[in-house]
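Descriptive structure summary
Now for the letters of each chain:
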Amino acid sequence: MSPSLKALEWKPAELLKGSLPEAVRALKQGTGGNIYVHGSLSVAQELLRHGLVDRVRLLSYPGAVGQGKPLFPVGEPISLELVSAKPFNNGVVALEYAPVAAKS
């Protein structure tokens, strides 16, 4: 989504139109495969907020440096279930979570 771009030169990127939730809902109904979000905290948060995330994949590193913005905003609880955890020799752990559907 971009207010200034009219076309994209790189493939398989696709320029989305309309609101982010509406555009992603339309993409998810298509046959294009998985949708990944890399490096955009605000996009990831909005997709989580609108229930448009099927998996959350995180890398946990054995150390902490400074402070950053939280992925999961305070006051907006998101229930997640651990799907897998894969440790690497360097101490990094790859974690995969699936959102838990709200019980009615």
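Only a predicted model underlies this, so the values are computations on that prediction, with no experimental measurement involved.

1. As for the overall build of the protein chain
In terms of regular secondary structure, the protein chain is built from two helices and three strands. Element order for the protein chain, N to C, with α for helix and β for strand: α-α-β-β-β. Here the C-alpha radius of gyration of the protein chain, 16 Å, is well above what a compact globule of 104 residues would show, namely 13 Å. With 104 residues in all, the protein chain has 17% of them scored as buried. Of all intrachain contacts in the protein chain linking residues separated by at least 6 positions in sequence, the fraction that spans at least 24 positions is 45%. Per element, the accessible surface of the protein chain, about 8,400 Å² overall, is 55% carbon and sulfur. Looking at the protein chain, you have 11 positive and 8 negative side-chain charges, and the mean spots of the two groups are 1 Å apart.

2. Here we look at helix 2 (residues 41-49)
Where helix 2 is concerned, the buried positions are A44, Q45, L47 and L48. The arc enclosing the buried residues of helix 2, seen along the axis, measures out at 165 degrees, which places them on a common side. Tucked into the core, helix 2 has its buried residues touching helix 1 (20-29) and strand 1 (56-60). Two residues or fewer past helix 2, G51 is found with a positive phi of approximately 65 degrees.

3. Observations concerning the pattern of salt bridges
All told, the structure shown has three salt bridges when counted by the stated rule. One salt bridge connects E96 with R55, and the closest N-O pair in it is separated by 2.9 Å. Placement of the pair is E96 in strand 3 (residues 93-99) and R55 in the loop between helix 2 and strand 1, with a sequence separation of 41 residues. Note that R57 and E96 form a salt bridge whose closest N and O atoms lie 3.3 Å from each other. A residue pair is termed long-range when its members are at least 10 positions apart, and R57 in strand 1 and E96 in strand 3 qualify at 39 residues. Residue classification places R57 among the exposed residues on the basis of a relative accessible area of 51%.

4. Details of the confidence of the model for the protein chain
When pLDDT is averaged along the protein chain, the result is 86, and 94% of the positions lie at 70 or above. When the elements of the protein chain are averaged for pLDDT, helix 2 gives the smallest value, 89, and strand 2 (residues 80-87) the largest, 96.

5. Comments concerning helix 1
Considered for burial, the residues of helix 1 that qualify are L20, P21, A23 and V24. Down the axis, helix 1 shows its buried residues gathered within 160 degrees of arc, on one side only. What points out from helix 1, more than 90 degrees from its buried face, is the exposed set E22 and Q29.

6. What to know about the sheet that holds strand 1
Remark on secondary structure: sheet strands pair via backbone hydrogen bonds, oriented parallel or antiparallel. In space, the three strands of this open sheet follow the order 1-3-2, with antiparallel pairing throughout. Strands with a single pairing partner mark the edges of an open sheet, and in this sheet they are strand 1 and strand 2. Taking each pair of neighbouring strands and ignoring which way they run, the sheet shows an average axis angle of 20 degrees. Here seven bridges tie strand 2 to strand 3, and the two strands are oriented antiparallel to one another. Note on strand 3: the bridge partner recorded for L80 is P99.

Procedures and definitions
- Residues numbered from 1 in each chain as written.
- Predicted model: local features only at pLDDT ≥ 70, side-chain atom pairs only at ≥ 80, totals over all residues.
- Heavy atoms only, no water.
- Helix = DSSP H or I, 4+ residues; strand = E, 2+ residues; numbered from the N terminus.
- Rg over C-alpha atoms; globule rule 2.2 N^0.38 Å.
- Buried < 20%, exposed > 50% of the residue type's maximum accessible area, 1.4 Å probe, protein only.
- Contact = heavy atoms within 4.5 Å.
- Areas by Shrake-Rupley, 256 points an atom, 1.4 Å probe, with all protein chains shown as cover.
- Lys, Arg positive; Asp, Glu negative; His and termini not counted.
- Charge placed at Lys NZ, Arg CZ, Asp CG, Glu CD.
- Arc of directions from axis to C-beta.
- Salt bridge = Lys/Arg side-chain N within 4 Å of Asp/Glu carboxyl O.
- pLDDT = per-residue confidence, 0-100.
- Pairing = 2+ DSSP bridges.
- Axes fitted to C-alpha atoms, helices over the stretch in contact; angles between N-to-C directions.

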